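Now for the letters of each chain:
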Amino acid sequence: MVGGMSGSHRQQSLWPLLLRRIGSALVTLIMVSVVIFALAGLLPGDAAQEALGQSATPEQVAALRHEMGLDQPAPVRYAQWLAGMARADAGQSLVAGMPVAEIIAERLPNTLMLAGMTAALAVPLALAMGITAAIRRGSWIDRAINLASLSMVALPEFLVATLGVLLFCVKLMWLPSLAMVSAEATWSETLRSCALPILSLTVVVVAQMARMTRAAIADQLDRPYVEMARLKGASLSRVVLGHVLPNCLGPIVNAMALSLSYLMGGAIIVETIFNFPGLASLMVNAVTSRDMPLLQACAMIFCSAYLLLMLAADMVALIANPRLRAQ
Amino acid sequence: MMDFSRRSLLAGMGAGLMPATAWGAALPKRGGSIRVATQSSSTADTLDPAKGALSTDYVRHFMLYSGLTRIGHDMIAHPALAERIESADRATWHITLRKGVHFHQGGELTSADVVFSLLRHKDPKLGSKMASIAAQFTQVRADGRYGVVIALSGPNADLPAMLAQSHFLILRKGTAKPDGNGTGPFKLAEFKPGIRTVAVRNPDYWVSGKPYLDRIELIAIPDEVSRINALLAGDVQLINAVAPQSTKRVESSPAHVIATTPSALYSNLISRMDRLPSGNPDFIAAMKHLVDRPLIKRALFRGFATIGNDQPIPPFHPYYNPHIPQTTLDLDRARWHINRSGLRGVRLPIYAGPAVEGAVDMASVLQEYGARVGLDLAITRVPADGYWSTHWMRHPLSFGSTNPRPTADLVFSLFYKSDAAWNETGWKNPRFDQLLMAARGEVDENRRRAMYHEMQAIVHDQCGSIIPVFISLIDGLDRRLKGMNPHPMGGLMGYQFAENVWWAA
Amino acid sequence: MKQFASLWAKAPAANRIAAAFVGFWLLLALAGPWLAPHPVGAFVDEDVFSGLSARFWLGSDYLGRDVLSRLLYGTRYTVVLGLGAALLASLCGTSIALAASLCGGRVDEVISRLMDTLISIPSKILALVLVAACGSSLPLLLLICALTYVPGNFRIARALAMNLAALDFVAAARARGEGKWAIAWHEVLPNMVHPLLADLGLRFVFVVLLLSGLSFLGLGVQPPYADLGSLVRENISGLTEGAPAILAPALAIALLTVGTNLLIDAMKPEGQ
């Protein structure tokens with residue numbers, strides 16, 4: 001539907017698609033916010049009750065509820081929040097009593113850094129593993145890589161992280177057990193304190209990416225065009241890199257984007273174990289304290305990150321396989 | 001209970017509490033910086049003492065602010081910012097403030113600051129945790145620059161102890177949003193809710209010579225295993241809430257040690273007495289005989305607990321009644337009571353969750369023994385999230401958790417009085433209520449003790465609050481950290497370690 | 001069956017071992033609770049974290065319960081929940097993806113937005129909210145796990161289907177005038193099977209691990225029962241002393257997940 005043009009006009013034809021994607025991203029964001037708002041409405045208690053805790057008296061709860069604006073009906077609160085977002089104002093945290101933007105600004109860079117560094121390690125590793133395994137299909141290398149990637153996901157995340165801490169922090173004392181990132185820390189300090197979280201997350205995400213890469217390539221290897229190219233005398237690795245990879249880049253990049261989106265909101269266990277001040281634990285915090293504006297802000301960030309990754313994946317797939325655009 | 005000498009006790013009565021001799025007799029040393037990890041922290045972290053809800057808050061507040069009184073290791077209130085606190089009738093109290101105490105941001109402490117700090121708890125909009133106690137203040141007024149008069153709605157001998165709680169720490173008058181400006185041993189350098197608090201030494205602290213440390217960084221590591229690992233890896237020097245299962249690990253490290261505090265903290269099974277079947281006296285009697293207290297102490301707490309007897313006053317409390325017979329596991333009696341109650345084979349859900357320490361495992365113990373006498377107890381595990389607002393006291397059978405309170409009166413008034421908001425079991429015992437009110441105004445110490453003894457006996461015999469054990473609090477620390485002397489009011493020296501410890505590296 | 005027998009005969013030893021593994025776990029999941037020597041919640045050992053002994057083959061856990069018995073029960077929960085959720089997720093995800101890729105247009109758009117919405121809410125946080133709101137129960141856990149992995153499967157299946165639909169043989173089928181569903185069934189689906197099976201295997205592994213992640217956050221199976229991940233979590237303080245109470249369930253998870261994946265690799269038809 002979108003620009004059924006030939007390959008020579010590739011660049012121009014991507015723009016309307018991009019615009020349309022931004023439009024649908026906005027729709028998705030609004031849908032997520034509605035779902036989050038509705039889900040949070042199911043939760044027992046509200047921010048006023050949670051803030052006052054065990055010791056709340058009914059008068060106190062009522063007073064605080066009024067103070068927080070929780071005595072207004074839910075649709076009104078949602079509309080107010082949406083209006084605020086339209087002005088790029090994420091609102092005031094009900095619990096911390098400061099702007100949501102300020103709280104987020106404290107933690108977003110941490111999460112982005114952790115996700116970025118993990119991706120920088122995991123993506124090349126996964127590609128190398130997947131491609132090598134596919135090229136050497138059936139060989140001992142293939143089996144070894146297969147077994148390695150399987151064992152990586154064979155243990156619960158918290159066990160892998162805890163084992164890492166026991167070995168590298170408690171026993172050998174090479175690395176700090178806490179990922180205490182602060183503005184004063186130098187790059188090497190930050191890297192050192194984040195080494196274990198990065199490794200733990202890499203172990204979690206790399207297997208899926210490597211296996212999807214291998215599966216997608218292996219699936220193409222039996223196609224006639226590979227055989228043709230081979231008959232023409234091209235080496236297998238050249239065929240894979242030159243012909244097969246572009247053809248199956250779609251599913252590979254898709255799997256990678258999916259795995260990487262896990263690094264934002266899914267890092268909760270690693271954040272907990274290493275005491276990393278990231279967004280996932282902030283969002284759990286927002287759920288438990290019923291801090292709606294904060295919860296929504298976190299959800300919006302995770303959703304945007306996911307959408308951006310998917311957009312990137314689709315762009316890569318389109319560029320690699322122009323025929324898709326004819327759809 | 002506590003390893004403190006008579007000498008340190010007497011010293012404590014004077015100018016603050018001197019470090020006792022528990023961890024080394026070396027003289028305190030100035031300087032050093034430590035990092036401390038507690039178990040809980042969130043965006044709700046606050047600089048407002050009135051809103052303190054978690055151990056991290058209490059530690060932070062005791063670093064930054066001072067109180068009128070403080071509870072000593074003897075569980076008795078001692079003067080702090082209040083030089084004297086006196087009353088003839090226990091209803092009107094006269095406080096004389098210490099002179100020459102200064103706030104971090106300048107200005108001398110006066111009666112106006114105290115009046116402001118106490119009265120703000122009565123504002124429902126503030127959301128003070130002490131609102132129900134502050135309701136007893138009918139009047140708080142200044143009497144000169146250094147005098148304060150507090151009038152109570154009825155006599156209460158425990159006012160000095162109540163004022164020692166962290167929530168009643170003193171702020172500068174007119175502070176709308178507390179920012180750490182207090183008269184405490186440390187000044188605020190950095191505060192990020194849910195991330196960390198950094199405090200630096202206050203050179204003008206009103207207790208001369210203290211504090212010893214230059215800097216304290218306070219963080220929270222909610223995951224227990226990670227907290228222990230951080231201690232053993234040398235990333236933090238002091239932690240609280242060490243699980244009994246982890247003590248072996250800490251003790252096996254040559255550089256670390258644990259500090260145990262027997263405390264009045266308990267997790268109790270609440271059997272609602274205003275509902276059926278949990279209100280059936282035979283059912284309650286059966287449940288009390290189904291609790292294998294030694295097993296709970298041994299298996300759940302690895303010995304780091306004191307056996308309880310279904311009443312909230314622990315054996316080391318001054319008012320403990322030692323004459324109540326200990327209830328023990330007795331399956332025959334439990335079976336007899338169950339048969340009489342007609343509840344054989346009826347499915348009864350128990351609500352338990354990680355919000356209450358040991359609750360799930362205690363419920364498992366009860367379930368196991370219950371099955372042997374024909375009781376079908378079903379454990380419904382509920383998440384910590386929302387536990388207090390949705391499950392606690394809301395079901396016929398649920399678990400509660402009660403932190404140490406400075407006085408027997410507070411525990412009884414908050415959790416066992418007929419009209420208390422948190423009368424967990426919903427019981428109504430006129431004799432108990434009458435004794436409670438009488439004890440508040442009773443001047444004769446022996447008569448007062450006798451009243452508290454009788455109250456304990458009534459709760460033990462008739463109330464649906466089942467208290468298997470009192471849980472000891474366990475801190476873990478680096479051996480170079482000196483001056484830590486466990487305090488029955490809570491871990492980390494009753495959250496007041498900051499001004500008492502020093503670094504001997 | 002005959003096909004299976006010939007597959008078995010032709011399969012290399014490693015694959016047969018994998019199949020045997022999976023069969024073993026399925027059997028344990030079915031029969032485990034009857035084999036358990038002690039009740040699942042009974043405090044049978046005075047000591048905690050004890051080692052292997054004649055009375056307690058796999059020692060005792062952090063409360064002095066029999067590890068072997070708890071493991072046998074735990075296997076059932078993990079296998080049933082994992083398999084159920086993975087199959088449910090793959091079935092839903094793939095059918096929706098086929099529908100979306102073949103109908104295209106508005107249908108595809110709406111479905112894709114819905115899936116995006118679902119996937120961009122972090123699963124553990126979704127679980128936290130749902131469990132807090134509805135209370136933990138087995139059907140809810142199954143639903144959460146399935147819901148978590150529907151969009152992932154959908155994305156992959158859709159990408160595969162789209163790629164295939166762009167290929168010549170599908171275009172040829174379309175030119176022959178075959179209907180949408182016939183194309184889906186005969187042309188597209190068979191060519192997606194292997195990557196999707198690999199995906200199913202990993203998804204099973206993920207559900208097993210998600211369950212253990214949920215137990216880390218205190219949202220797992222209700223006590224006295226526990227899935228394998230919960231067993232690891234509740235005994236984690238025994239890790240430093242190498243207690244069988246933590247090693248046994250960790251090993252069980254590893255063998256279960258690796259075995260499953262090896263089997264799925266083995267099921268790949270020869271000579272495709």
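Just so it is clear, the structure is predicted and the values come from calculations on it, not from any experiment. (Residues numbered from 1 in each chain as written. Chains lettered and ligands numbered in written order. Predicted model: local features only at pLDDT ≥ 70, side-chain atom pairs only at ≥ 80, totals over all residues.)

**Student:** Can you help me understand the overall build of chain B in this one?
**Tutor:** Within chain B, the regular secondary structure consists of 16 helices and 22 strands. The C-alpha radius of gyration of chain B comes to 23 Å, within 12% of the 23 Å expected for a compact globule of 505 residues. Each principal axis of the C-alpha atoms in chain B carries an extent, and together these give about 70 × 55 × 45 Å. Within chain B, buried positions represent 58% of all 505 residues. Expressed as a percentage of contacts within chain B between residues at least 6 apart in sequence, the contacts between residues at least 24 apart total 69%. (Helix = DSSP H or I, 4+ residues; strand = E, 2+ residues; numbered from the N terminus. Rg over C-alpha atoms; globule rule 2.2 N^0.38 Å. Buried ≥ 20, exposed ≤ 12 C-beta atoms within 10 Å, placed from the backbone. Contact = placed C-beta atoms within 7 Å.)

**Student:** I would appreciate a short explanation of the interface of chain C and chain A in the present structure.
**Tutor:** One widely used convention gives an interface's size as the accessible area the parts lose upon coming together. Chain C puts 46 residues into the contact, and the matching count from chain A is 52 residues. Looking at the side of chain C that touches chain A, the elements that each hand over two or more residues are helix H4 (105–119), helix H5 (123–134), helix H6 (138–165), helix H8 (180–216), helix H9 (228–234) and helix H10 (244–266) of chain C. Ranked by residue count, the leading element in the side of chain C that touches chain A is H8 of chain C, at 9 residues. Taken together, the residues of the side of chain C that touches chain A sort by class into 26 nonpolar, 13 polar and 7 charged. (Nonpolar A, V, L, I, M, F, W, Y, C, P; charged D, E, K, R; others polar.)

**Student:** Mind showing me how you'd approach the UniProt feature "domain: ABC transmembrane type-1" (unreviewed entry) in chain C here?
**Tutor:** As recorded in UniProt, the sites labelled "domain: ABC transmembrane type-1" (unreviewed entry) are residues 75–264 of chain C. In the segment residues 75–264 of chain C, helix accounts for 83% and strand for 0%; the C-alpha atoms at its two ends are 20 Å apart. (UniProt positions renumbered as here; feature names shortened; annotations may be inferred.)

**Student:** Before we go on, may I ask you to explain the sheet that holds strand S7 (residues 147–152) of chain B in this structure?
**Tutor:** Through backbone hydrogen bonds, the strands of a sheet pair up, either in parallel or in antiparallel fashion. Residues and elements named next belong to chain B. Pairing within the open sheet is antiparallel, and its 4 strands lie in the order S4-S5-S7-S6. Unpaired on one side and paired on the other, strand S4 (82–87) and strand S6 (137–142) mark the two borders of the sheet. Direction aside, neighbouring strands of the sheet carry axes that sit 15° apart on average. Of the strand pairs in this sheet, S4 and strand S5 (residues 92–97) are connected by 5 bridges, and their pairing is antiparallel. Across the sheet, the residue bridging to Ile-85 is Ile-95, located in S5. (Pairing = 2+ DSSP bridges. Axes fitted to C-alpha atoms, helices over the stretch in contact; angles between N-to-C directions.)

**Student:** What is the right way to read the sheet that holds strand S12 (residues 256–261) of chain B from this model?
**Tutor:** All names here are of chain B. Across the sheet, which stays open at both edges, the 7 strands sit in the order S8-S9-S10-S1-S11-S20-S12 with mixed pairing between neighbours. Looking at the sheet topology across the chains shown, the edges are occupied by strand S8 (186–192) and S12. Bridge count for strand S11 (residues 238–239) against strand S20 (residues 473–478) is 2 bridges, and the pairing is antiparallel. The residue bridging Ile-239 from the neighbouring strand is Gly-476, located in S20.

**Student:** Hey, could you run me through the interface of chain B and chain C in this one?
**Tutor:** Contacts between the two partners involve 23 residues from chain B, matched on the other side by 20 residues from chain C. Among the secondary structure elements, those contributing two or more residues to the side of chain B that touches chain C are helix H9 (293–300), helix H11 (359–372) and strand S16 (376–381) of chain B. Sorting elements by how many residues they give to the side of chain B that touches chain C places H11 of chain B first, with 6 residues. Class assignment for the residues of the side of chain B that touches chain C results in 12 nonpolar, 6 polar and 5 charged.

**Student:** What is the right way to read the pairing of strand S10 (residues 215–220) of chain B from this model?
**Tutor:** Remember that side chains alternate between the two faces of the sheet whenever the strand is regular. All names here are of chain B. With 6 bridges connecting them, strand S1 (residues 33–38) and S10 associate as parallel partners. From the neighbouring strand, Val-36 faces S10, where its bridge partner is Leu-218. In the sheet, strand S9 (residues 196–201) pairs with S10 via 4 bridges, with the strands oriented antiparallel. When the sheet's bridge partners are listed, Ala-199 is paired in S10 with Ile-216.

**Student:** What should I look at first to understand the UniProt feature "transmembrane region" (unreviewed entry) in chain C in this one?
**Tutor:** Per the UniProt record, "transmembrane region" (unreviewed entry) is annotated on residues 77–104, 125–150, 156–175, 196–222 and 242–264 of chain C. Segment residues 77–104 of chain C splits into 96% helix and 0% strand. End C-alpha atoms: 39 Å apart.

**Student:** Where do I start with the environment of Val-257 of chain B in this structure?
**Tutor:** All names here are of chain B. Structurally, the position occupied by Val-257 is in strand S12. The sequence separation of Val-257 and Thr-407 amounts to 150 residues, and the corresponding C-alpha distance is 30 Å. Discounting chain neighbours no more than four positions away, the residues touching Val-257 are Leu-477 and Arg-479.

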